[in-house]
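The residues making up each chain are set out below.
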Amino acid sequence: MVTEAQLKKVAGAGNVSDAPAALEAFAGDASFVGKTRPRFVVKVLEAERVKDLVDLARETGTPLVPVSSDAPHFLGDTVPTTGDAVILDLSGMKQISFIDRVGRVAVVEPGVTFGELIPAVAEHGLRLNMPLRPRATKSVLGSMLSREPVIMPHYHWDISDPIGSTEVVFGTGDVFRTGSAANPGTIEEQRQAGGVQKEAAGPSANSWHRVIQGAQGTMGIVTWASCRCELLPRLEQPYFIGSSELPELLEVIHWLVRLRLGNECLIVDRSFMAVLTANDDAEHARLVAGLPPWVLFFNLVAYDYLPEQRMEGQIEDTKELLQRLGVEAAQSLGGVSARRFLETIREPSPQPYWKIGRAGACQDIFFVTTLTKIPGLVELMTKATEAAGFPTARLGVYLQPIVQGTNCHCEFSLFYDPADAAETQAVRALATDVIRPLMGAGAFFSRPFGEAARQIMNEDGATVEALKKVKAIVDPAGILNPGKLCF
Amino acid sequence: MALKDYQSEMETCCRCSACKFIPLEKVTGYEHANVCPSISRYDFHAYSGGGRMAFGLSLVHGRVKYTPKVAEVVYNCNLCGACDVSCKYAMDMDVLEPLYAVRQECVKQGQTLPALDKLVAKMKKQGPMVLGAKGRHKAWHEGLDVADYTKEKAPVVYHAGCLARCDESSGRAARTSVALLQKAGIKVGIAKDRELCCGGRAYEMGYLDEAKAQAELNVARFKESGAAEIVTGCAHCYQYYKVLYPKLGFDTGLKIWHVTEYLAQLLAKGTLKPCKEVDLTVTYHDPCHLGRLSEPWIPWEGKQRERHMRVYEPPRTFRRGAGGVYEPPREVLRSIPGLKLVEMDRIKEYAWCCGAGGGVRESNPEFARWTAVERLNEAESTGADALVTACPHCSQNLQGAGGDGGSIGVCDIVELLDRAI
Amino acid sequence: MAMKKEQYRAFESVVGPENISDEPLHLDAWAWRSGQAAGAQDFKPRFEAILMPGSTEEVQAIVRLCNKFRLQYKASSTGWGSYCDPGGPGCLKLDLRRMNRIVEIDEDSMYAVVEPYVITAQFQGELMKRGLHCNINGAGAITSAMPLAAHEGIGHLSQCCSVGERNLLAVEWVTPEGEIIRTGSAGSIGEWFCGDGPGPSLRGILRGNVVPLGGLGVYTKAATKIYHWPGPPTMRLKGHSPGYAPADPPPYFMARFLSFADENGRALAIRKIGESEIGFVLMGFNANMVAANVATSNEEEIVLAEEYLKSIQGPGFCFVIAGNSARDFEYKKQVLDLIIKEAKGKSLKAVEGGDVEAGLMWRCIRVTASIRETMRATGVFGGEIFGTDSYQVQSNFIQHSVRDKADLIERGLVYADSTFPFITSLEHGQQAHSEVLLRYTPSPEVAQGTMEYVGKANKNAVNGHYGLPHHVFNDAQHDFFGPHMWGYHKWLRKVKKAFDPNATSESSHHITVKDPAAEE
């Protein structure tokens, strides 16, 4: 077991803590995974220390749990499974080392949050393809590593987007660079040669960024990563389409994404939208009463060339499309303006995180599927929620086309009161019990977290065996976040 | 030319596999993208045009000997020329010529097939190049009031071809052709029972000397006839007279016509007037020898003038199949009142072979049948009532496969036109 | 190790006697060298036998037997590239010709599942009927539709249809040891729409910018992203081969060849085109390649090249616009005009309008003329293929290679078809890719020259800090680059060793496992 002295020697005296409060902060999170206090919390402020810490961990057989975002945490991936684990708190690594307008890229350390990066790239005329209203403390890098769905399917070419190149420390202690960050020379030399450390794939016939993503820190610890950026539009015109018929909206969103009409594009149910946008309980109630059951949001944009003409053309083309599909768009719905909604979804949420601000807690059940399967999955989940005795009015649904419409992220949010023990128990049981039925109906839990993760992984034994082989390559000693996924 | 003389052609094969498919611009979906019956049936790369280039080189380099196994691959090829057309969509190289050369080498090495030996033997005896033709049924020309050009001069010779002498259906088509020409006032002569085999199929099978000898006989006969033009209903004979003979250095002294070309002219002039409705939807099968293979021969001799580009002095023009006879048969069909023509996916220079050519029908009837069934299925997929063709070999092979290939009927273009006259 | 008779019989019992052969003529049909990067060697080593499995289960059985018998195998689809060849004896060819089904097309979810021998021409043809289409490898529509079969998966349509590495969804993989792994949603729930997860993605070890070129088992099915097609269900053509042209060019399509005074002008135009997302096809051809594309013979190419070269300013690209509507098309055209003006570009009049433009447009979309552009000259082409990275890196790097090409031309070792570099744009300019292609008649002298050329390119890539060319495949090249690139080659070897402990998946064009001590 590693000692405090050993850790302090590597990380610096002021950066190692075993204070009860510090340990308790990482012992559990808002998920249902069991609490386990780590042995130490180490604040890491420089990338070089990560390798040193990994080497130390290997020598001493110490499990490491890397954490990029500040609290609160929700998914259980940052909670240790053994009491001798050491938390590597990377949230203080806040360098935005490079932003390039021409390359449409930004390079960030793990601790950089959306709140910090959004204005930084905006100064360069860029924006992020980001998840829906992330919490204020959410790490951009952490989000990318988690393959979190993003709100502009237009620019989501691949499920790994927007991650680019990375620098990663494997469990072997080797520092490696993925993608074009691995190019010969120093970063400065690469940039002089025209490189921007953006290409994610490679080098050669492997794409290690895909192995690191979705791994919950079990394959390597990323010390910096590049993030593909998009351009800030010149003009924007957001819209809603409300409907009581979900299939109708799914058809619309398929075509919007397919024809690349608009940037931000998603569907929520009224429950989700009310929690997302309401400023207070009264507004929440009004929204629940006044919104249609389902709301599609999309945002038409125009860029630098002939923006007015482009916008006009896109509006007309969209009108014709919607007419063919028998729906109409509006600039406000249920008292919420589409513009306000747009601003809401692409700004980080102030504290408390919007998902827990209303009821106190939220259990998310999310997976990837296809648009045609959604109605069946929604029906299944609604029935399961009813059967579990949980009020369906507090079941929120968020549907996010990703991978340019090839996939759809489906997120069921159970907004519950953590102080209500029965309700909490019902939610906990539902979150596990509904997994199998959902899988049977076409839900692919590509990012399994928490209590159900191992169950989900084990549905595919062949993949698990293969992943174990890969794990044995990059972390033969098994020190990186042991006990997660299938490891 | 010997196989070795085609070494440069064969070495130009880059192994792209375009020879297995119709020109890629033309592919409209999953079905009917294949163009080579050989590889479509047997799957091994050696059966494709490119594969044959490769093992042609093996033969040249002595890496592979001429064995019965080699013969099996060599002769399971219709020499339809589809690979040649598809290759030449992008490349400047001959594929078909080396294939003929391989056949000739096989014959030289004694690697022949008994069925083909028999055919050639029959030809040498001046019999029809048709297996199993025992004795004579009613001659196709019996009862026709038509001159015998071997005895009296006729300006236009009609050449029926070997199959007409042995196969009732082909004979009927020949008879109808002559009757139509006569109706149009053309003074036609035929050779009756003394018609010579053109010898072309012997060439394709690799019997070069025998083919040349037969060509000599044909040329002498035509010169004696005093005719200026020859019309034939057999696409093979057409191609041999028009293309093969000049290639081998023979000149018939005649203007060569396929009967559909001739009829199309007569229709255009108004000499033949179809007036009866034929209420039928048909699709047209382009015979290889009337289509892509009938592009006129371009004699050339020269050498490459650039080290890193296959350009030649004098410039060399490649025959790519564009100059085949495609429109005249279609004009004939379009002239028939009430007839609707729908096209298959694989037509004209990229038509799927009927399966008969190259000696395959005789040496491997199963493969010939398989190929024909593919074509019949394709024809049926158009919704047509009948598949029309303009070659007795195609007719015979396609008709013979009927039953295996759905229910679509096969008919001859001339007989169809006759119904409308 | 040569195959024994009883081993042959074991394989025969898997595929059937009609689907296996060790006849010399069949072996030589595969031994004749590819025209891709041909050296002085005409015939490569023969495979021990050619096997044609018809199903995943047959592939698995073959792979297991190879592990048992310690024989190697190399799978290929259409088998064009030189990497389909074995490095030496003791290797079987798995010709996947019989595995040629389009398994599924999901129009609503815009993905399809294909087996290896579905060629992109067939695939695109089927998709077009449904208002969809796909990326096609730059080598042409003769290549596999599976984004794991071609070397890279970059093509003319990558401007709007991405590249193989990123179009790949779920995969069915027969591992080198003969396990069947279905990645992503295919393994988890039997659906093909997602290739990543659960958790970490095995896509990461199946391929990168390039594929393992036969060296990591056999991919028997894969799902691929497909895209919206704004054109007609079928492109009706007129004319005869090789001079086809669309009979009714679709209304909202336009093709151009644009040239610029220098590379900066071209770079600016490509950047702006990418940012404004107006491009459907963007291929950084030089004028010679356009001439080769349009010409139906080498003789004609020479004439056209001369004509085009007189009319262009400098480096350029071939460009196709496709509008989803009249407004969209009009907008894109207007923006193109503005960009051309801004970048001081010039459109090649010779390809504007009529059958020439329509034919060029369709050949770029169906990708049928790559053979003309590369192989028609002599049946052989080579050169160097650089990486996938920022446009600037591609551009800076390739300037070295074009100077080296000029030297080869000067020495008479390759065809003199100008030295404008080929750089192309991917995903609306998010990335780029460059190549310098050489056309030549192989000979020992030329082989030496082209090898030196590639060697120089490799050295430039390292010394100039440019990155890893895609033409890097085999131990020697990986060993050269790896130490300069964070030891990626060691990780590549570790994956190879973990999944192919018996080294049965022939990987002379990928990487082989070495003694770890020697590695260190």
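Residues numbered from 1 in each chain as written. Chains lettered and ligands numbered in written order. Predicted model: local features only at pLDDT ≥ 70, side-chain atom pairs only at ≥ 80, totals over all residues.

**A short note on the overall build of chain C**
Scanning chain C for helices and strands turns up 19 helices and 20 strands. The C-alpha radius of gyration of chain C comes to 23 Å, within 12% of the 24 Å expected for a compact globule of 520 residues. Seen through its C-alpha atoms, chain C measures out along the principal axes to roughly 70 × 55 × 45 Å. Counted over contacts in chain C with a minimum sequence separation of 6, partners at least 24 positions apart contribute 70%. (Helix = DSSP H or I, 4+ residues; strand = E, 2+ residues; numbered from the N terminus. Rg over C-alpha atoms; globule rule 2.2 N^0.38 Å. Contact = placed C-beta atoms within 7 Å.)

**Comments concerning the domain arrangement of chain C**
Residues and elements named next belong to chain C. When cut into domains, chain C gives domain 1 (5–98), domain 2 (102–228), domain 3 (241–374), domain 4 (381–463) and domain 5 (475–519). Centre-to-centre, using C-alpha coordinates, domain 1 lies 32 Å away from domain 4. Residue composition of the side of domain 1 that touches domain 4, grouped by class: 3 nonpolar, 3 polar and no charged. (Domains from an automatic or database assignment. Nonpolar A, V, L, I, M, F, W, Y, C, P; charged D, E, K, R; others polar.)

**Describing the interface of chain B and chain C**
Contacts between chain B and chain C engage 52 residues on the former and 58 residues on the latter. Listing elements by their share of the side of chain B that touches chain C, those giving two or more residues are α3 (49–60), α4 (68–75), α5 (82–88) and β8 (309–313) of chain B. Looking at which element gives the most residues to the side of chain B that touches chain C, the answer is α3(B), with 5 residues. Looking at side-chain class alone, the side of chain B that touches chain C contains 29 nonpolar, 9 polar and 14 charged residues.

**Looking at the pairing of strand β10 (residues 218–225) of chain C**
Residue and element names in this part refer to chain C. Most of β10 sits out of view: 8 of its 8 residues are buried. Here strand β6 (residues 111–114) pairs with β10 via 4 bridges, running antiparallel. Among the inter-strand pairings, Val 113 is bridged to a residue of β10, identified as Ala 223. Examined bridge by bridge, strand β8 (residues 168–174) and β10 share 5 bridges and lie antiparallel to one another. Within β10, the residue paired with Trp 173 across the bridge is Tyr 219. (Buried ≥ 20, exposed ≤ 12 C-beta atoms within 10 Å, placed from the backbone. Pairing = 2+ DSSP bridges.)

**Notes on the sheet that holds strand β1 (residues 20–21) of chain C**
All names here are of chain C. An order of β1-β2-β4-β3 is seen for the 4 strands of this open sheet, with the pairing classed as mixed. A single partner strand is all that each edge strand has here, and the edge strands are β1 and β3 (72–76). Here β1 pairs with strand β2 (residues 49–51) via 2 bridges, running antiparallel. Bridge pairing in β2 places Ser 21 opposite Ile 50. Sitting on the sheet, helix α3 (residues 56–69) touches β2, β3 and β4 (91–95), and the angle it makes with β3 is about 155°. (Axes fitted to C-alpha atoms, helices over the stretch in contact; angles between N-to-C directions.)

**Details of the interface of chain C and chain A**
In this assembly, 78 residues from chain C lie in contact with 78 residues from chain A. For the side of chain C that touches chain A, the element with the highest residue contribution is helix α18 (residues 488–499) of chain C, accounting for 7 residues.

**Overview of the arrangement of the chains**
For the 2 pairs of chains in contact, the maximum contact count is reached by chains A and C. These two, chain A and chain B, are apart from each other, with no contact and a minimum C-alpha gap of 22 Å.

**Re the nonpolar core**
Residues Val42(A), Leu53(A), Leu88(A) and Val320(C) are the most contacted members of the largest nonpolar core, which totals 486 residues. Apart from the residues within four sequence positions on either side, Leu53(A) is in contact with Val10(A), Ala11(A), Val42(A), Val44(A), Leu64(A) and Leu88(A). (Core = buried A, V, L, I, M, F, W, Y, C linked by C-beta atoms within 7 Å.)

**A word on the sheet that holds strand β15 (residues 281–283) of chain C**
Residue and element names in this part refer to chain C. On the basis of which strands lie adjacent, the open sheet formed by 4 strands has the order β15-β16-β14-β17 and antiparallel pairing. Two strands lie at the open edges of the sheet, namely β15 and β17 (346–347), each paired on one side alone. Alignment of β15 against strand β16 (residues 316–322), held across 3 bridges, turns out to be antiparallel. Counted as the bridge partner of Met 283 is Cys 318 from β16. Lying on the sheet, helix α13 (residues 354–366) is in contact with β14 (253–259), β15 and β16; it crosses β14 at an angle near 95°.

**Remarks on the packing of helix α1 (residues 5–15) of chain C against α3(C)**
The packing of two helices is summarised by the inter-axis angle and the distance between the axes. Residue and element names in this part refer to chain C. In contact at an axis separation of 9 Å, α1 and α3 are set at 165° when each is read in the N-to-C sense. Looking at the two axes, α1 sits roughly antiparallel to α3. The two elements α1 and α3 meet at a crossing, and its hand is right-handed. Along its contact with α1, which presents Gln 7, Ala 10, Phe 11, Val 14 and Val 15, the element α3 presents Glu 58, Ala 61, Ile 62, Leu 65 and Phe 69. Its residues placed into classes, the contact of α1 with α3 shows 8 nonpolar, 1 polar and 1 charged. (Parallel < 35°, antiparallel > 145°, perpendicular 65-115°, else oblique. Left-handed = near helix turned anticlockwise from the far one by under 90°.)

**Comments concerning unusual backbone geometry**
With an omega of 5°, the peptide bond running from Ala71(A) to Pro72(A) counts as cis. Pro314(B) follows Glu313(B) through a cis peptide bond whose omega is -5°. In the Ramachandran plot, Gln197(A) falls in the positive-phi region, its phi being about 50° despite a non-glycine side chain. As for its position among the elements, Gln197(A) is in the loop between α6 (187–192) and α7 (208–212).

**What to know about helix α15 (residues 421–433) of chain A**
All names here are of chain A. In this model, α15 (13 residues) spans 18 Å end to end at C-alpha, consistent with the 18 Å of a helix rising 1.5 Å per residue. Burial in α15 covers these residues: Glu 423, Val 427, Leu 430 and Ala 431. For α15, the angular spread of the buried residues around the axis is 100°, confining them to a single face. Away from its buried face, by an angle of more than 90 degrees, α15 presents the exposed residues Ala 421 and Ala 422. Those residues of α15 that are buried are in contact with β16 (361–369), α14 (374–387) and β18 (407–416). (Expected span 1.5 Å × (residues − 1). Arc of directions from axis to C-beta.)

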